[in-house]
Amino acid sequence: MQTKKICMIGDFAVGKTSLVSRYVLNQFSADYITTIGVKIDTKDLILNSGDQIKLVLWDIAGTDSLATIGSNYLKGAVGYFLVVDGTRSATFDSALQLQQQAKTILGDAPFTLLLNKLDLSYQWTLNKDEIGGLKSNSWSIMECSARQGDGVEKAFQSLGERMTIAVSS
Ligand code: GDP
Ligand code: MG
């Protein structure tokens, strides 16, 4: 089975660890656990084609993920999630900066901008025009809630499909 590395990228407390935990274990913990170092989880994914791949999910620590994201973390990834906390628009700006960094190492590897904490959508402060602009630049942008599970499976499935198209073409 082919293995595919995916990196979780995004500012502090946007929900990177929670998303992996929801996807891999179908669990959510409201307890705040700061990830130390790098945590690696795996999960098998069945593609629409019927082929099976093993996703290797890299979840970085970080109180300062902007500073610590490095080439060693990203190296070998064939896709990545840029995670945003919808209730904190500053994390959207961080995601854009991080995308620039990721691009220098991963080139045009597929990625999805994941707007997390959809269960708190009444508190969202994101700029809809800015998001619309990125969408018209054909960015993949999805909404999800690690807490409730909405959109999580779909986000991983969709990135998995795009990664395998990118690799085989
Ligand atoms: P990380 O630093 O990006 O890994 O973020 P965490 O996964 O540790 O989550 C940071 C905080 O946000 C924790 O208190 C989580 O319980 C909370 N959180 C994560 N995802 C969601 C979500 O979808 N909805 C809500 N309401 N809280 C979330
Ligand atoms: Mg974490």
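Note that the coordinates shown come from a computational prediction; the quantities given were computed from them, not determined experimentally.

So, how was this worked out
- Residues numbered from 1 in each chain as written.
- Chains lettered and ligands numbered in written order.
- Predicted model: local features only at pLDDT ≥ 70, side-chain atom pairs only at ≥ 80, totals over all residues.
- Heavy atoms only, no water.
- Core = buried A, V, L, I, M, F, W, Y, C linked by side-chain atoms within 4.5 Å.
- Buried < 20%, exposed > 50% of the residue type's maximum accessible area, 1.4 Å probe, protein only.
- Helix = DSSP H or I, 4+ residues; strand = E, 2+ residues; numbered from the N terminus.
- Contact = heavy atoms within 4.5 Å.
- Pairing = 2+ DSSP bridges.
- Axes fitted to C-alpha atoms, helices over the stretch in contact; angles between N-to-C directions.
- Right-handed = clockwise from strand over helix to strand, strands pointing away.
- Expected span 1.5 Å × (residues − 1).
- Arc of directions from axis to C-beta.

Caption draft 1: Spotlight on the nonpolar core. Ranked by internal contacts, the top residues of the largest apolar core, which has 46 residues, are Ile9, Leu55, Tyr80, Phe81, Leu82 and Leu113. Here the element with the most residues in this core is strand E4 (residues 77–85); it accounts for 6 residues. In contact with Leu55, other than residues within four places in its own chain, are Lys4, Ile6, Tyr23, Asp41, Thr42, Lys43, Leu45, Phe156 and Met163.

Caption draft 2: Region of the structure containing the sheet that holds strand E3 (residues 52–60). One open sheet accounts for 6 strands, arranged E2-E3-E1-E4-E5-E6; its pairing is mixed. One side of each edge strand has no neighbouring strand; the edge strands of this open sheet are strand E2 (38–46) and strand E6 (140–143). Here the strands of the sheet are splayed against their neighbours by 25° on average, with no regard to which way each runs. In this sheet, E4 lies alongside strand E1 (residues 2–10) in parallel orientation, the contact comprising 6 bridges. Looking at E4, one finds that Gly10 is bridged to Val83.

Caption draft 3: Geometry of the pairing of strand E5 (residues 111–116). Most of E5 is tucked away: 6 of the 6 residues are buried. Burial of E5 is two-sided: the residues Phe111, Leu113 and Leu115 facing one way and the residues Thr112, Leu114 and Asn116 facing the other way are all buried. With 6 bridges joining them, E4 and E5 adopt parallel strand pairing. Considered in E5, the bridge of Phe81 is made with Thr112. The β-α-β motif built from E4, the intervening helix H4 (residues 89–106) and the parallel element E5 has right-handed crossover chirality. Where E5 lies against E6, 4 bridges are found, and the strand directions are parallel. Across the sheet, the residue bridging to Leu114 is Met142, located in E6. Read as a crossover between parallel neighbours, the route from E5 over helix H5 (residues 128–136) to E6 is right-handed.

Caption draft 4: Quick look at H4. Counted at 1.5 Å a residue, the expected span for H4 with its 18 residues is 26 Å, and the 25 Å between its end C-alpha atoms agrees. For H4, the complete set of buried residues consists of Thr91, Phe92, Ser94, Ala95, Leu98, Gln99, Ala102 and Leu106. Buried residues of H4, seen end-on, are gathered within an arc of 150° and therefore sit on one face of the element. Opposite the buried face of H4, by more than 90 degrees, sit the exposed residues Ala90, Gln100 and Thr104.

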